[in-house]
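Read off the chains here:
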Amino acid sequence: MNTVTRDVIALCEDTGNIYETVEIIARRANQIGSEMKHDLDKKLQEFATNNDNLDEVFENREQIEISKYYEKLPKPTLIATQEYVEGNIYWRLNQSQQDNKNQINFL
């Protein structure tokens, strides 16, 4: 819940370029975000009904608790940045990408 100031120079030591580092973190954050969305949709699918009655919507406390849990989780960008700082993101450039340096693949 606290703000952490990151040393940009130290953050881009692996790549040598802050823009590549930001791209790596952003792509990992997109992966994390889509995984979290898939998990939430899967859990909320159990509560889906064909006929939406207003009374049933307000009575479903379990669904509300699940939603609140996912709202309290850290944002995907923060998770991805922490993974990058800890060295838990493995990425590589293909030979053609090394020439262009436009695309990054994750392992």
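The rules behind each value
- Residues numbered from 1 in each chain as written.
- Predicted model: local features only at pLDDT ≥ 70, side-chain atom pairs only at ≥ 80, totals over all residues.
- Heavy atoms only, no water.
- Axes fitted to C-alpha atoms, helices over the stretch in contact; angles between N-to-C directions.
- Helix = DSSP H or I, 4+ residues; strand = E, 2+ residues; numbered from the N terminus.
- Parallel < 35°, antiparallel > 145°, perpendicular 65-115°, else oblique.
- Contact = heavy atoms within 4.5 Å.
- Nonpolar A, V, L, I, M, F, W, Y, C, P; charged D, E, K, R; others polar.
- Left-handed = near helix turned anticlockwise from the far one by under 90°.
- Phe/Tyr/Trp six-rings, centres within 6.5 Å; stacked < 30°, edge-to-face > 60°.
- Buried < 20%, exposed > 50% of the residue type's maximum accessible area, 1.4 Å probe, protein only.
- Arc of directions from axis to C-beta.
- Polar contact = N/O pair within 3.5 Å; in protein donor to acceptor, adjacent residues only side chain to side chain.

### Thoughts on the packing of helix α2 (residues 18–45) against helix α4 (residues 61–72)
Okay, so step 1: In the contact formed by α2 and α4, the axes pass within 10 Å of each other and the chain directions differ by 170 degrees. Our classification of the angle between α2 and α4 gives roughly antiparallel. The residues of α4 that touch α2, namely those facing Met36, Asp39, Leu40, Lys43 and Leu44, are Gln63, Ile66, Ser67 and Tyr70.
Okay, so step 2: By residue class, the composition of the contact of α2 with α4 is 5 nonpolar, 2 polar and 2 charged.

### So, the packing of α2 against helix α5 (residues 76–86)
Okay, so step 1: Remark: α2 packs on α5, axes separated minimally by 8 Å, with the N-to-C direction vectors making an angle of 125 degrees. What the angle tells us is that α2 and α5 run oblique. The crossing of α2 and α5 is right-handed. Each of Thr21, Ile24, Ile25, Arg28, Ala29, Ile32, Gly33 and Met36 in α2 lies in contact with α5, whose residues at this interface are Pro76, Thr77, Ile79, Ala80, Thr81, Glu83 and Tyr84.
Okay, so step 2: For the contact of α2 with α5, the residue count by class is 9 nonpolar, 4 polar and 2 charged.

### Side note on the environment of Leu40
Okay, so step 1: Summarising the element assignment, Leu40 is placed in helix α2.
Okay, so step 2: When the C-alpha atoms of Leu40 and Tyr70 are compared, they prove to be 7.4 Å apart, with 30 residues separating the residues in sequence.
Okay, so step 3: Among residues more than four places away in sequence, those in contact with Leu40 are Ile66 and Tyr70.

### Things to note about the packing of aromatic side chains
For any pair of aromatic rings, the description consists of the separation of the ring centres together with the inter-plane angle of the planes.
Okay, so step 1: Scanning the model with the defined rule gives 1 aromatic pair in all.
Okay, so step 2: Judged by centre distance (5.4 Å) and plane angle (85 degrees), the ring pair of Tyr69 and Tyr70 falls under edge-to-face.

### Description of α5
Okay, so step 1: Of the positions making up α5, those classed as buried are Pro76, Ala80, Thr81, Glu83 and Tyr84. Along the axis of α5, the buried residues cluster in a sector spanning 160 degrees; they form a single face.
Okay, so step 2: Of the surrounding secondary structure, the elements contacted by the buried residues of α5 are α1 (8–11), α2 and β1 (91–92).
Okay, so step 3: Of the residues one or two after α5, Gly87 is the one with positive phi, at around 80 degrees.

### Description of the side chain of Thr15
Okay, so step 1: Structurally, Thr15 is set in the loop between α1 and α2.
Okay, so step 2: Judged by its relative accessible area of 16%, Thr15 is buried.
Okay, so step 3: A polar contact of 2.9 Å, which involves the side chain of Thr15, links it to the backbone oxygen of Asn17.
Okay, so step 4: Among the polar contacts made by the side chain of Thr15, one reaches the side chain of Thr21 at a distance of 2.7 Å.
Okay, so step 5: Not counting chain neighbours up to four residues away, the residues in contact with Thr15 comprise Glu20, Thr21, Ile24, Tyr84 and Trp91.

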